Amino acid sequence: MLQEINDETFDKVISESDKPVLIDFWAPWCAPCRALSVILEEISKEFQNKVSVFKLNVDNNPKISSKYGIRSIPTMIFFKDGEKQDIHIGISSKEEIRKKLTALV
């Protein structure tokens, strides 16, 4: 199961990670978000020691969602060395996510 982060833990997770971080902005009522979660579970296992994958519920965490201008979900933001590197809005294939992460490791 993917780890959840929130408004309070977000900055610490991003800034203190020694590997790239993928954040999935989602909500439980969002069907595409639930479909993407299955893919991200597989990705998190595949990249287990190379990338950290987290989920952030936009309904419960308006501060970070607003800071990053999240207006549509699912949205994935890819970070490296504490800096935003890439963003993807909408559902994505496992292969596309894999390519984006491989470019960061």
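In case you missed it, the structure is sitting above this.
Here the structure is a predicted model, which means the values were calculated and not measured.

### Points about the pairing of strand 5 (residues 83-89)
Piece 1. Across six bridges, the pairing between strand 4 (residues 75-80) and strand 5 is antiparallel. Residue pairing in the sheet places isoleucine 77 in a bridge with isoleucine 87 of strand 5.
Piece 2. Remark: two residues form the turn of the hairpin made by strand 4 and strand 5, two consecutive strands paired antiparallel; aspartate 81 in that turn has positive phi of roughly 55°.

### A look at the pattern of salt bridges
Piece 1. Counted according to the given criterion, the structure contains five salt bridges.
Piece 2. One salt bridge connects aspartate 11 with lysine 67, and the closest N-O pair in it is separated by 3.6 Å. With aspartate 11 in helix 1 (residues 10-16) and lysine 67 in helix 3 (residues 62-67), this pair connects stretches of sequence that are 56 residues apart.
Piece 3. Here lysine 67 falls in the exposed class, since its relative accessible area comes to 52%.
Piece 4. Between arginine 98 and glutamate 46 there is a salt bridge whose closest N-O contact spans 2.7 Å. Separated by 52 residues along the polypeptide, arginine 98 in helix 4 (residues 94-104) and glutamate 46 in helix 2 (residues 31-46) bring together distant segments of the chain.
Piece 5. Through salt bridges with shared partners, a single network forms among Glu46, Glu95 and Arg98.

### Thoughts on the sheet that holds strand 4
Piece 1. In space, the five strands of this open sheet follow the order 1-3-2-4-5, with mixed pairing throughout. Edge positions in the sheet fall to strand 1 (3-4) and strand 5, since each of these pairs with one other strand and no more.
Piece 2. The pairing of strand 1 with strand 3 (residues 52-57) spans two bridges and is parallel. Note on strand 3: the bridge partner recorded for glutamine 3 is phenylalanine 54.
Piece 3. Sheet contacts for helix 4: strand 2 (21-26), strand 4 and strand 5; angle to strand 4, the most-contacted strand, approximately 15°.

Rules of the game
- Residues numbered from 1 in each chain as written.
- Predicted model: local features only at pLDDT ≥ 70, side-chain atom pairs only at ≥ 80, totals over all residues.
- Heavy atoms only, no water.
- Pairing = 2+ DSSP bridges.
- Helix = DSSP H or I, 4+ residues; strand = E, 2+ residues; numbered from the N terminus.
- Salt bridge = Lys/Arg side-chain N within 4 Å of Asp/Glu carboxyl O.
- Buried < 20%, exposed > 50% of the residue type's maximum accessible area, 1.4 Å probe, protein only.
- Contact = heavy atoms within 4.5 Å.
- Axes fitted to C-alpha atoms, helices over the stretch in contact; angles between N-to-C directions.

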